[in-house]
Amino acid sequence: MMQMRDWIIGAIGIIVGALGLLSLLKILPFSLSRSSLIWIAAIGGIILLYAAIIEITNSNVMGTVSIIAAGLALIFALLPALNNMGILGSWAAFSWVGETVYKLVLIVEGIFMAMATFAMEL
């Protein structure tokens, strides 16, 4: 039976994916700065990691793919976010990664969170 957490993660995934896609297509009426994209991707990665752990505990193969996607998203987003807070050194700034990469990370996170809506209950 579907639980409320499944629908919440799916809704967050749709919102995150839509933010990434619409900002990539430049349809949004506002622009997202690089730091806001980093923070959205970091929070989305943490939520995706939570969903992937639930998928794995339910013996779902999709959880393995989701945890790999969450790990990559967290590497690209959490390290620069911690660098913005002054916790890590300049090596974690990832200044060579552009805004387009973070928008693509948001789209991938959104897709995996939307799939996790149903995969967490298999």
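Re the overall build of the protein chain
From N to C terminus, the protein chain includes four helices and zero strands. With the C-alpha coordinates of the protein chain rotated into their principal frame, the extents come out at 45 × 35 × 20 Å. Relative to its 122 residues, the protein chain shows a buried fraction of 40%. Considering only contacts in the protein chain between residues 6 or more positions apart, those separated by 24 or more positions represent 74%. A total accessible area of about 6,500 Å² is found for the protein chain, and carbon and sulfur atoms account for 77% of it.

What to know about the pattern of salt bridges
Per the stated rule, a full pass over the model turns up one salt bridge. Between Arg5 and Asp6 there is a salt bridge; the shortest N-O distance is 3.3 Å. Look at Arg5 and you get partly exposed, because its relative accessible area is 26%. The buried category is assigned to Asp6, whose relative accessible area is 0%.

What about the confidence of the model for the protein chain?
With 100% of its residues at a pLDDT of 70 or more, the protein chain shows a mean pLDDT of 90. The least confident element of the protein chain, judged by mean pLDDT, is helix 3 (residues 62-84) at 90; the most confident is helix 1 (residues 4-24) at 94.

Comments concerning the packing of helix 2 (residues 34-57) against helix 3
Between helix 2 and helix 3, the shortest axis-to-axis distance is 7 Å and the interhelical angle comes to 150 degrees. Here helix 2 lies roughly antiparallel to helix 3, going by the angle between them. Between helix 2 and helix 3 the crossing geometry is left-handed. Taken together, the residues of the contact of helix 2 with helix 3 sort by class into 19 nonpolar, six polar and one charged.

Notes on helix 3
Relative to the 33 Å expected for 23 residues at 1.5 Å per residue, helix 3 spans 32 Å between its end C-alpha atoms, a close match to the ideal helical length. Residue Leu74 marks the point of greatest curvature in helix 3, where the axis turns by about 35 degrees. Taken together, the buried positions of helix 3 are Gly63, Ser66, Ala69, Ala70, Ala73, Leu74, Ala77, Pro80, Ala81 and Asn83. Where the residues of helix 3 are buried, they touch helix 2 and helix 4 (99-119). Once helix 3 ends, the next one or two residues include Gly86, with phi positive near 85 degrees.

Conventions we followed
Residues numbered from 1 in each chain as written. Predicted model: local features only at pLDDT ≥ 70, side-chain atom pairs only at ≥ 80, totals over all residues. Heavy atoms only, no water. Helix = DSSP H or I, 4+ residues; strand = E, 2+ residues; numbered from the N terminus. Buried < 20%, exposed > 50% of the residue type's maximum accessible area, 1.4 Å probe, protein only. Contact = heavy atoms within 4.5 Å. Areas by Shrake-Rupley, 256 points an atom, 1.4 Å probe, with all protein chains shown as cover. Salt bridge = Lys/Arg side-chain N within 4 Å of Asp/Glu carboxyl O. pLDDT = per-residue confidence, 0-100. Axes fitted to C-alpha atoms, helices over the stretch in contact; angles between N-to-C directions. Parallel < 35°, antiparallel > 145°, perpendicular 65-115°, else oblique. Left-handed = near helix turned anticlockwise from the far one by under 90°. Nonpolar A, V, L, I, M, F, W, Y, C, P; charged D, E, K, R; others polar. Expected span 1.5 Å × (residues − 1). Bend = angle between axes of the 7 residues up to and from the residue.

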